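Each chain, letter by letter, is given below.
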Amino acid sequence: MSNIKYILGHFEDPDDLMHGIDKLQENSVSIYDVYTPMPIHGIEDKLGIKRSRLGKVAFCFGLTGTITAISMITYMLVIDWPMNIGGKPHFAFPDFIPIMFELTVLFSAFGMVGTYFFVNHLAPGRAPRVMDLRATNDRFVIAIDAKTNTSHDQIDNILKEAGAVEVKHNERKYVSYE
Amino acid sequence: MSSHHESILREPLVTGENITYSKVTEDILVPVENKPNKAWWIGFIVSALGAGLWVFSVSWTFWFGIGEWGLNKTVGWAWDITGFVWWVGIGHAGTLISAVLLLFRQNWRNSINRSAEAMTIFAVICAASYIISHMGRPWLFTWALPLPNQYGSLWVNFNSPLVWDVFAISTYFSVSLVFWYTGLLPDIATIRDRAKGTRRRVYSILSFGWNGSVKTWQRFELVSLILAGVSTPLVLSVHTIVSMDFATSLVPGWHTTIFPPYFVAGAIFSGFAMVQTLLLITRKVMNFENYITMFHIESMNKIIILTGSIVGVAYLTELFIAWYSGVEYEQYAFLNRVSGPYWWAYWIMMTCNVISPQLFWIKKVRTSIALSWILSIVVNIGMWFERFVIIVTSLHRDYLPSSWVMFYPSWVDVGVFIGSIGVFFTLFLLFLRVLPAIAMAEVKLLLKSSSDQAKKKLIAEKAVDSGEAEYYLESLEKYDSISPKVAEFQKV
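Residues numbered from 1 in each chain as written. Chains lettered and ligands numbered in written order. Predicted model: local features only at pLDDT ≥ 70, side-chain atom pairs only at ≥ 80, totals over all residues.

(A) Geometry of the interface of chain A and chain B. Counting residues at the interface gives 60 residues for chain A and 55 residues for chain B. Among the elements of the structure, α1 (14-26), β2 (33-35), α2 (43-47), α3 (54-80) and α4 (93-119) of chain A are those that each provide at least two residues to the side of chain A that touches chain B. Here the side of chain A that touches chain B gets 15 residues from one element, more than from any other, and that element is α4 of chain A. Grouping the constituent residues of the side of chain A that touches chain B by class yields 40 nonpolar, 11 polar and 9 charged. (Contact = placed C-beta atoms within 7 Å. Helix = DSSP H or I, 4+ residues; strand = E, 2+ residues; numbered from the N terminus. Nonpolar A, V, L, I, M, F, W, Y, C, P; charged D, E, K, R; others polar.)

(B) Representation of helix α10 (residues 328-339) of chain B within the structure. A rise of 1.5 Å per residue sets the reference length of α10 of chain B, with its 12 residues, at 16 Å; its end C-alpha atoms lie 16 Å apart and thus fit the reference within 8%. Packing partners of the buried residues in α10 of chain B comprise α9 (294-325), α11 (343-355) and α13 (369-395) of chain B. (Expected span 1.5 Å × (residues − 1).)

(C) Region of interest: the sheet that holds strand β4 (residues 166-170) of chain A. All names here are of chain A. Strand order in the open sheet made by the 4 strands is β2-β3-β1-β4, with antiparallel pairing throughout. Of all the strands in the sheet, just β2 and β4 have a single pairing partner and so form its edges. Within this sheet the neighbouring strands show an average axis-to-axis angle of 20 degrees, counted without direction. In the sheet, strand β1 (residues 6-11) pairs with β4 via 5 bridges, with the strands oriented antiparallel. By the bridge assignment for β4, Ile7 is matched with His169. (Pairing = 2+ DSSP bridges. Axes fitted to C-alpha atoms, helices over the stretch in contact; angles between N-to-C directions.)

(D) Representation of the pairing of β1 of chain A in the model. Residue and element names in this part refer to chain A. The buried fraction of β1 is high, at 6 of 6 residues. Because side chains alternate across β1, one face comprises the buried residues Tyr6, Leu8 and His10, and the other comprises Ile7, Gly9 and Phe11, equally buried. Where β1 and strand β3 (residues 140-145) come together, 6 bridges link them in antiparallel fashion. Across the sheet, residue Gly9 finds its bridge partner in β3, namely Ile142. (Buried ≥ 20, exposed ≤ 12 C-beta atoms within 10 Å, placed from the backbone.)

(E) Local environment of the packing of α9 of chain B against α11 of chain B. Residue and element names in this part refer to chain B. Put simply, α9 and α11 touch, their axes get as near as 8 Å, and they point 140 degrees apart. Between α9 and α11, the crossing angle belongs to the class labelled oblique. On the side of α9, the interface is formed by Gly308, Val311, Gly312 and Tyr315, while α11 contributes Met350, Asn353 and Val354. Counted by class, the contact of α9 with α11 contains 4 nonpolar, 3 polar and no charged residues. (Parallel < 35°, antiparallel > 145°, perpendicular 65-115°, else oblique.)

This is the structure we're talking about:
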């Protein structure tokens, strides 16, 4: 009993899963995390997860791109080597807009996705921190830390009553991919 | 989830009986987890031969130079730029499906976006290969980039649309790649968790350690939405800039302000035609009929009529403006297009792009798989001719009648073009083998709200108005993959 690290409640249906979360919270069982094969809308509010700030990140990276483009073009065409092209002004701002736009998009997309990978620890070759192999396929899994929530039998019952098709007591946190 | 109630009147996006979450996974991963069938091998061998032809023709071009193409001193741009614009245009549908339809919350995109995005990436690869091979000295491609060099540094001319194009195409390719790969992560994780041994190790590296936790999904959805938000103006800018390669010149026939919207509409038009060409075959060979339904095919055909008609209006506007401008060179350029030595190319373009897609107004045509497929090929041909007409007929009779010529492609031109189609299909077929061709996680999202079985369940529970239920069941008649139990249902 004491070796159990995590209790996993498997659900087959996202609505049952949401019901399970409600039941656990009513009984003040803390939820470690929920693993699902698809995004579940509304789950963040239930679990009290804050709005992501990635939108602001994307905006800042985008602005960096705009500034990079205008300063690069201005330096090259106006300061470093001004060229007389048909007597037109060196600082031909309307002509700079297409590249300013492209670099804004490029920087915001790469900056945001890079930040996303960084904060979620997503990287090529990183060992997957997966608690159950079916959580990426057809099961909606609630993980409960068994060390902090000690009344295991009660948790089992809550999960089963909420519609869990399977309750697992895991002695190791993650699935081994070796 | 249950907050997403959908009207019973809407067509189901997933058909079939007893579709569960695991069945979605099983169905979609069949081509990835099993040995390929004969159809795949035949397609792959033919495409790989085409890709071989491409390697040979492009190598020939690099070795002997562009003189091996059919270009002459009057027509300095022909099949290369035609092929480039054609491929870039084809690529646009993928972004349109994945980004614009996401912003408009068109859920039917969920089962076609993955393969359409893959198509975008492969089409842009083909387009970029044209850019490199038409440079003459391709190893000097870095001259198009603003890199420090030993000439002073002599920078690129940022006032030139060709430089804008370098930035536009490379941004478009890399952002599309990132969008596509981020969307693939959850599905690669699914393959990983079902695989064993080396396969598991490979997909584990590719999955970036995805685990599907709440925070990962929450951020994933925001990332997808913002990428869609930035890709939408991006895709419009790309073809706008491609059109400016022509529109900012002074050549009669190119120097028109209608080009950006006209090119963008044409790009979406040809792109959807190519999506149709690929998916009609894919759904049959891979047994995806439950996920890519007649509704999807019909919706894409409707977009083809819309964009085809926009293109038609643009053609007529061009003719009108050429006449109305009163500029004799402009007038001659268009008269020459319509009735000059290339009249046949112009009228192939008109027939394939403007007239034949109008057949899709007839419901029987737009819901027929065979006709949709044939018309999609017709549109692809028409759009190739559109670019050929714009490029070659504007150039071949310039201001000096003594230099008027015709353009005749050499075998190298033909080899590079046919070869690029081979490269495209080789990449697409490899994609079908190693990655899920339908976004599994996104289709799973539709299962409880928009699937046929969910709607039937509501009808059985009498949770919906009986008139609406009857309408729904009647409307199912048009789906080709509908279960035989429909008839029984109607009796009940």
